[in-house]
Amino acid sequence: MTDLTPHPFTGRCNCGAVSATIDAPPLWVRQCWCAQCQRIACGNATVNASFPVEHIHLEGELAWSPNTAASGNVVEHGFCAKCGTQVMSRNSGRLQARTVRVGFLDQSDALVPDSAIWLEEAPEWVRVPEGMEGFPRQP
């Protein structure tokens, strides 16, 4: 990925108990339409950016909720224990990176998804924008 995104990124939860600074560009930015993400996003896709774990500087504490993904990997969703804001997830198959919820970040408008994944689980009404790559599952 060409580094066209401004960084560092900053983010905070709704109540301010959890904040982060990320001093690297994202590895990727995408929508996820898997059933688990649709539950998190109340019927929509999550919009996520992946960052190397060593570039994420988190303040405050996250509560973690584990799920087993269709891949068999354990995916843990991290959220503010006080206000419930979704912050990030970690995947047992990709320990070197964290998937940060774009809505957690102050610069969310700078992170435009270039792909949509798990479209086989998306509702029929979902339309992938022209120019966005789509995948039935995880690429």
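Use the structure listed above.
Quick look at the structure, then.

The rules behind the values
Residues numbered from 1 in each chain as written. Predicted model: local features only at pLDDT ≥ 70, side-chain atom pairs only at ≥ 80, totals over all residues. Heavy atoms only, no water. Core = buried A, V, L, I, M, F, W, Y, C linked by side-chain atoms within 4.5 Å. Buried < 20%, exposed > 50% of the residue type's maximum accessible area, 1.4 Å probe, protein only. Helix = DSSP H or I, 4+ residues; strand = E, 2+ residues; numbered from the N terminus. Contact = heavy atoms within 4.5 Å. Salt bridge = Lys/Arg side-chain N within 4 Å of Asp/Glu carboxyl O.

Quick look at the nonpolar core now. Val-18, Ile-22, Phe-51, Val-100, Phe-104, Leu-105 and Leu-111 are the most contacted members of the largest nonpolar core, which totals 18 residues. Elements supplying a minimum of two residues to this core: β2 (19-22), β4 (46-52) and β8 (86-91). Apart from residues lying up to four places away in sequence, Val-18 is in contact with Gly-11, Arg-12, Cys-13, Leu-58, Glu-59, Gly-60, Glu-61, Leu-62, Cys-80, Val-87 and Phe-104. Counting 6 residues, the second-largest nonpolar core is a separate cluster that includes Trp-33, Ala-45, Ala-116 and Ala-122.

This next bit is on the pattern of salt bridges. Should the charged atoms of two oppositely charged side chains come close, the side chains can pair. Counting across every chain of the model gives 2 salt bridges. The salt bridge partner of Glu-76 is Arg-90, with a shortest N-O separation of 2.8 Å. Separated by 14 residues along the polypeptide, Glu-76 in strand β7 (residues 74-80) and Arg-90 in strand β8 bring together distant segments of the chain. Residue Arg-137 is joined to Glu-120 by a salt bridge in which the shortest nitrogen-to-oxygen separation is 2.8 Å. Of this pair, Arg-137 sits in the segment after β11 (133-134) while Glu-120 sits in the loop between β10 (115-117) and β11; the two residues are 17 residues apart in sequence, bridging distant segments of the chain. Among the residues examined, Arg-137 registers a relative accessible area of 42% and is labelled partly exposed.

Distances and angles like these do not, on their own, reveal function.
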